[in-house]
Amino acid sequence: MPHTVYVSAIIHAPLQQVWASFRDFNGLAAWHPGIAESRLEEGGRHDAVGSVRHLSLKPSGFVREQLLMLDDPGTALRYSIIETDLPMRDYVAGVSLHAVTEGGQTLAEWWADFRVEGAELSDVANAVGRNVFAAGLAALDEKLRAA
């Protein structure tokens, strides 16, 4: 049975500035603390649907992800994991951003649906929510506040 993880946060930066960080499909290593390196495969473009990125994870591990949808007007994207050494399958995730009417802030929503194989579902779901989504949003907020 698929499991869904959803995390939202307020990023203290304008919508277009936050979107610029997310829409660069190869830019995750510049702000996410769990990513050691990101590279696009086979000459892929950072904003082209179908591009595949290879992420090296900290402290170890890897993920290959493919960009499925990039919606500039809607400030949303969707991607899937096509290969990983993590105990999850059928992983599809998305990000959507919304301007907050006061203060030039952005509501960021990050979610994923996936199946877990050979591991405790609650452990994997908590790790995705805490170590991937929440940690990434907090780090992006910190980076953009400092800019």
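Refer to the structure presented above.
On a predicted model such as this, the values are computed, not experimentally measured, just so you know.

A.B. asks: I'm lost on the pairing of strand 3 (residues 52-57) in this one. Help?
C.D. replies: When a strand is regular, its side chains alternate between the sheet's two faces. With five of six residues buried, strand 3 lies mostly within the body of the structure. Relative to strand 3, strand 2 (residues 35-40) runs antiparallel, the two sharing five bridges. Within the sheet, the bridge partner assigned to Arg39 lies in strand 3 and is His54. The pairing of strand 3 with strand 4 (residues 62-71) spans five bridges and is antiparallel. Within the sheet, the bridge partner assigned to Ser56 lies in strand 4 and is Phe62. The loop that links strand 3 with its antiparallel partner strand 4 comprises four residues; one of these, Gly61, has a positive phi angle of about 110 degrees.

A.B. asks: Please clarify how the packing of aromatic side chains should be interpreted in this entry.
C.D. replies: Any two aromatic rings considered together are summarised by their centre-to-centre distance and by the angle between their planes. Inspection of every chain in the model, using the stated rule, returns six aromatic pairs. A ring pair is formed by Phe22 and Trp110, whose centres lie 5.5 Å apart and whose planes are at 90 degrees; its orientation type is edge-to-face. In this pair, Phe22 is assigned in helix 1 (residues 15-23) and Trp110 in strand 7 (residues 106-116), connecting sequence segments 88 residues apart. When its relative accessible area of 3% is taken as the criterion, Trp110 is described as buried. Ring geometry for Tyr91 versus Phe114: centroids 5.7 Å apart, planes at 20 degrees, classification stacked. In this pair, Tyr91 sits in strand 6 (residues 88-99) while Phe114 sits in strand 7, placing the two residues 23 residues apart along the sequence. Here Tyr91 and Phe114 have matching classes, each one buried. Ring-pair connections join several aromatic residues into one group, and the members of that group are Phe22, Trp31, Trp110 and Phe133. Across the ring face of Phe25, the terminal group of Arg53 is positioned such that the distance to the ring centre comes to 3.9 Å.

Parameters at a glance
- Residues numbered from 1 in each chain as written.
- Predicted model: local features only at pLDDT ≥ 70, side-chain atom pairs only at ≥ 80, totals over all residues.
- Heavy atoms only, no water.
- Buried < 20%, exposed > 50% of the residue type's maximum accessible area, 1.4 Å probe, protein only.
- Helix = DSSP H or I, 4+ residues; strand = E, 2+ residues; numbered from the N terminus.
- Pairing = 2+ DSSP bridges.
- Phe/Tyr/Trp six-rings, centres within 6.5 Å; stacked < 30°, edge-to-face > 60°.
- Lys NZ or Arg CZ within 6 Å of the ring centre and 35° of its normal.

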